[in-house]
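The residues making up each chain are set out below.
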Amino acid sequence: GAASYQFERRKVGTTAATETIRTPALGWAPYAPITDGVWEWRVSSLDPKGKVLGSSPWQRFKVDSGPPTVVDKSPTGTGVSATANFVVTFSEPVTGLNSSTFTIKVAGTSTKLLAKVTMNATRTKATLNPVANLKSKKRYTLKVTNAVHDQASNPLKTTQWTVTVK
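What comes next is a walk through the structure. (Residues numbered from 1 in each chain as written. Predicted model: local features only at pLDDT ≥ 70, side-chain atom pairs only at ≥ 80, totals over all residues. Heavy atoms only, no water.)

1. Brief notes about the sheet that holds strand E7 (residues 77-80)
Sheet strands associate in pairs through backbone hydrogen bonding, adopting either a parallel or an antiparallel arrangement.
Then, number 1: The four strands are arranged E7-E15-E13-E10 in an open sheet whose pairing can be described as mixed. Each edge of the open sheet is held by one strand with a lone partner, namely E7 and strand E10 (102-106). Going from strand to strand, the sheet's axes swing by 30° on average, the running direction of each strand aside. (Pairing = 2+ DSSP bridges. Helix = DSSP H or I, 4+ residues; strand = E, 2+ residues; numbered from the N terminus. Axes fitted to C-alpha atoms, helices over the stretch in contact; angles between N-to-C directions.)

Below, the structure is given as structure tokens:
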């Protein structure tokens, strides 16, 4: 018995709708992209006078259009310890990180050194621990590849840096 429907969208944690659309149709889609964030939506059925007959419960969804980024990496530069572990911090939780996607090799070579890669519980920080001590005065290249991605499958931009062992 509904004459029309009303779609509402709001930011999680707010009570005011960011978007309210009335439509006679059973389907509707936004005209513009929805900005990143955590949102809720619901639909209400309306009688011919616009009075609400009933509403769906608020449903939560997340929009994530941007890729994760490396916000910190350490150690960097020269004077790195031969027993160093290398840590990369990401802007958001990531997946796909392992010893094939976070690597270390002697600079100018293609052979990856054996290393163990671990993630913290929130999946925002990775540690690469080389199996053997690094060689004094040698340069090493560390690389995190674009096979690493966020929960929305946005790929990380490949990041690499070079260090020199003291």
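2. Examining the nonpolar core
Then, number 1: Judged by nonpolar contacts, the single largest core of 22 residues is most densely connected at Phe86 and Phe102.
Then, number 2: Breaking this core down by element, the ones donating at least two residues are strand E8 (86-90), E10, strand E11 (115-119), strand E12 (125-130), strand E13 (139-144) and strand E15 (159-165). (Core = buried A, V, L, I, M, F, W, Y, C linked by side-chain atoms within 4.5 Å. Buried < 20%, exposed > 50% of the residue type's maximum accessible area, 1.4 Å probe, protein only.)

3. Regarding the layout of surface pockets
Then, number 1: The computed volume of the largest pocket comes to approximately 150 Å³.
Then, number 2: Forming the walls of the largest pocket are Tyr5, Gln6, Phe7, Thr23, Ala25, Leu26, Gly27, Trp28, Pro30, Ile34, Trp41 and Val43.
Then, number 3: Elements supplying a minimum of two residues to the lining of the largest pocket: strand E1 (4-11) and strand E3 (37-46).
Then, number 4: Ranked by the residues each element gives to the lining of the largest pocket, the list is headed by E1, at three residues.
Then, number 5: Split into classes, the residues belonging to the lining of the largest pocket amount to nine nonpolar, three polar and no charged. (1 Å grid on protein atoms, 1.4 Å probe; cavity = no way out; pocket = protein on both sides within 12 Å on 5 of 7 lines; lining within 4 Å. Points joined across faces, edges and corners; volume = space filled by probe spheres on them. Nonpolar A, V, L, I, M, F, W, Y, C, P; charged D, E, K, R; others polar.)

4. Some words on the sheet that holds E8
Then, number 1: Taken together, four strands build an open sheet; the order of strands is E6-E8-E12-E11 and the sheet is antiparallel. Because the sheet does not close on itself, it has two edges, and the strands there are strand E6 (70-74) and E11. When strand polarity is set aside, the average angle formed by the axes of neighbouring strands in this sheet is 15°.
Then, number 2: The pairing of E6 with E8 spans four bridges and is antiparallel.

5. Thoughts on the environment of proline 75
Then, number 1: Considering the arrangement of structural elements, one finds proline 75 in the loop between E6 and E7.
Then, number 2: Between the alpha carbons of proline 75 and asparagine 85 there is a distance of 7.9 Å; along the sequence they are 10 residues apart.
Then, number 3: Excluding residues that lie within four positions of it along the chain, proline 75 makes contacts with Val80, Ala84, Asn85, Phe86, Trp161 and Val163. (Contact = heavy atoms within 4.5 Å.)

6. Description of the pattern of salt bridges
Then, number 1: Going through the model one piece at a time under the given rule, you end up with four salt bridges.
Then, number 2: A salt bridge links glutamate 19 to arginine 9; the nearest nitrogen and oxygen atoms lie 2.9 Å apart. On the criterion of sequence distance, the pair formed by glutamate 19 in strand E2 (residues 19-23) and arginine 9 in strand E1 is long-range, its members being 10 residues apart. Comparing glutamate 19 with arginine 9 shows no difference in burial state: the two are buried.
Then, number 3: For the salt bridge of arginine 10 with glutamate 40, the shortest nitrogen-to-oxygen distance reads 2.8 Å. You can see arginine 10 sitting in strand E1 and its partner glutamate 40 sitting in strand E3, a full 30 residues away along the chain. The same class applies to arginine 10 and to glutamate 40, which are both buried.
Then, number 4: Through salt bridges with shared partners, one network takes in Arg10, Glu40 and Arg60. (Salt bridge = Lys/Arg side-chain N within 4 Å of Asp/Glu carboxyl O.)

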